[in-house]
Amino acid sequence: MTDSTGGTGSGGENQPSRQRRRFPGISSRAYEHPADRSALVALRKLSGFDTVFKALSGLLPERSLRLLFLSDSVRVSDAQFAHLHTMLRDACYILDLEKVPPMYVTQDPKPNAMCIGLDEPIIVVTTGLVELLDEEEMRAVIGHEVGHALSGHSVYRTVLLFLTGLAVKVAWIPLGNVAVMAIVTALREWFRKSELSADRAGLLVGQDLRASMRGLMKIAGGNHLHEMNVDAFLEQAEEYEAGGDLRDSVLKILNVLPRSHPFTTVRAAELKKWAESRDHQRIMDGHYPRRDEDKDTSVTDSFRESASHYAESVRSSKDPLMKLVGDIAGGAGDLGGKLRDRFTGGTGNPGGSGGSGGPADA
């Protein structure tokens, strides 16, 4: 790991605009969330996915997509949105991404950004996002998208966009929509997890946790930072996870299924937890997996790490459904009683002695 200073370099070299740590040869494994890797493995095991993916890879109109942004958006360069171009080159330099992806600003009042493309990634940000975020917040977002590019996420994101549109077109075909939506649902589940990985990449690039938090708060509540508070925002994530009964747990699942991104408070809480972890500190100290070691990576180890993450998530989760799963896995008795209590918020009356149950509490 090295520190870098100076302005934008010449001769194709990307020099950061101010001093930040750089991570030569860093592998995406360094920042990938375990749930990201395991969800992608599960996605690839989905029946029919390989067949659909191979077919779509040859059919997706990538050239058309590139021409569309070239003709109807503004390409970021030294001459257009020069400050974004500097941030993009900084991000690629810090994460050691050799080829700087093309980046476009497109007119859309909704704050958003994406990294798409099959052969080569393209980064797209909306005017709504550019106008909403300050420089350091935007730097974290661009690092987020460069993280997607380094991880190879753009390929699956492009397939997801195509299939989402296809699902609408084939909705009238019996069972056709069911088959497509099964893959779309699996892709969305993976993509939500990949966002947690990319948030980490954004922090490695921006190296300013406060800026990352501010950006997430603005995406949730608009440009009113004087009305918002990071601690209160994170408390919302705590309340969201721990509150309610099993009915709320089911509603959470239903609410998140159609989304491509995790809920913003959840992202903020996950990022803060990782920023305070030993894994993050080791990366900042220069100890991280290298790309040239990727070929020697054990798939079994990846599975084991993902399984360990999920087991720990279940153990530490305050969500009523996850706590119930943990109880069942731990061999806790009285499953029927636990289900009743979790669905009723623990208000059920177990009944008096002698076996005659009294009426339930209101």
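Procedures and definitions
- Residues numbered from 1 in each chain as written.
- Predicted model: local features only at pLDDT ≥ 70, side-chain atom pairs only at ≥ 80, totals over all residues.
- Heavy atoms only, no water.
- Buried < 20%, exposed > 50% of the residue type's maximum accessible area, 1.4 Å probe, protein only.
- Helix = DSSP H or I, 4+ residues; strand = E, 2+ residues; numbered from the N terminus.
- Pairing = 2+ DSSP bridges.
- Phe/Tyr/Trp six-rings, centres within 6.5 Å; stacked < 30°, edge-to-face > 60°.
- Lys NZ or Arg CZ within 6 Å of the ring centre and 35° of its normal.
- Expected span 1.5 Å × (residues − 1).
- Axes fitted to C-alpha atoms, helices over the stretch in contact; angles between N-to-C directions.
- Parallel < 35°, antiparallel > 145°, perpendicular 65-115°, else oblique.
- Contact = heavy atoms within 4.5 Å.
- Disulfide = S-S within 2.5 Å.

In summary, the side chains of a regular strand alternate between the two faces of the sheet. Within strand β6 (residues 122-126), five of the five residues are buried, leaving the element largely enclosed by the surrounding structure. Judged by which residues are buried, β6 turns out to be covered on both faces: Ile122, Val124 and Thr126 on one side and Ile123 and Val125 on the other are all buried. Connecting the antiparallel pair strand β5 (residues 113-116) and β6 is a turn made up of five residues, with Gly117 showing a positive phi of about 125°.

A separate point is the packing of aromatic side chains. Throughout the structure, instances matching the rule amount to two aromatic pairs. With centroids separated by 5.9 Å and ring planes inclined at 85°, the aromatic side chains of Phe23 and Tyr288 adopt a geometry described as edge-to-face. One end of the pair, Phe23, is in the loop between β2 (20-22) and α1 (34-45); the other, Tyr288, is in the loop between α13 (278-284) and α14 (299-316), with 265 residues separating them in the sequence. On the basis of relative accessible area, Phe23 is assigned to the buried category, the value being 0%. Note on Tyr288: relative accessible area 7%, which makes it buried. The ring centre of Tyr93 lies 4.2 Å from the NZ or CZ of Arg22, which sits over that ring.

Turning to helix α4 (residues 82-94), a few remarks are in order. Compared with an ideal rise of 1.5 Å per residue, which puts 13 residues at 18 Å, α4 spans 18 Å between its outermost C-alpha atoms and is within 8% of the ideal. Of all 13 residues making up α4, 10 are buried, and the element is well covered by its neighbours. Turning to α4, its buried residues number three or more, namely Leu84, His85, Met87, Leu88, Arg89, Asp90, Ala91, Cys92, Tyr93 and Ile94. One or two residues past the end of α4 sits Asp96, with phi positive at roughly 60°.

On to the packing of helix α6 (residues 135-151) against helix α9 (residues 209-221). At a minimum axis separation of 8 Å, α6 and α9 run at an interaxial angle of 90°. It follows that α6 is roughly perpendicular to α9 by the angle criterion. Where α6 approaches α9, its residues Glu136, Glu137 and Ala140 are matched on the opposing element by Ala211, Ser212, Arg214, Gly215 and Lys218.

With that settled, the discussion passes to the state of the cysteines. Two cysteines, two sulfur atoms, one covalent bond between them: this is a disulfide. This structure, assessed with the given rule, holds zero disulfides. No disulfide involves Cys92; its nearest neighbouring cysteine sulfur is the one of Cys115, lying 9.9 Å away.

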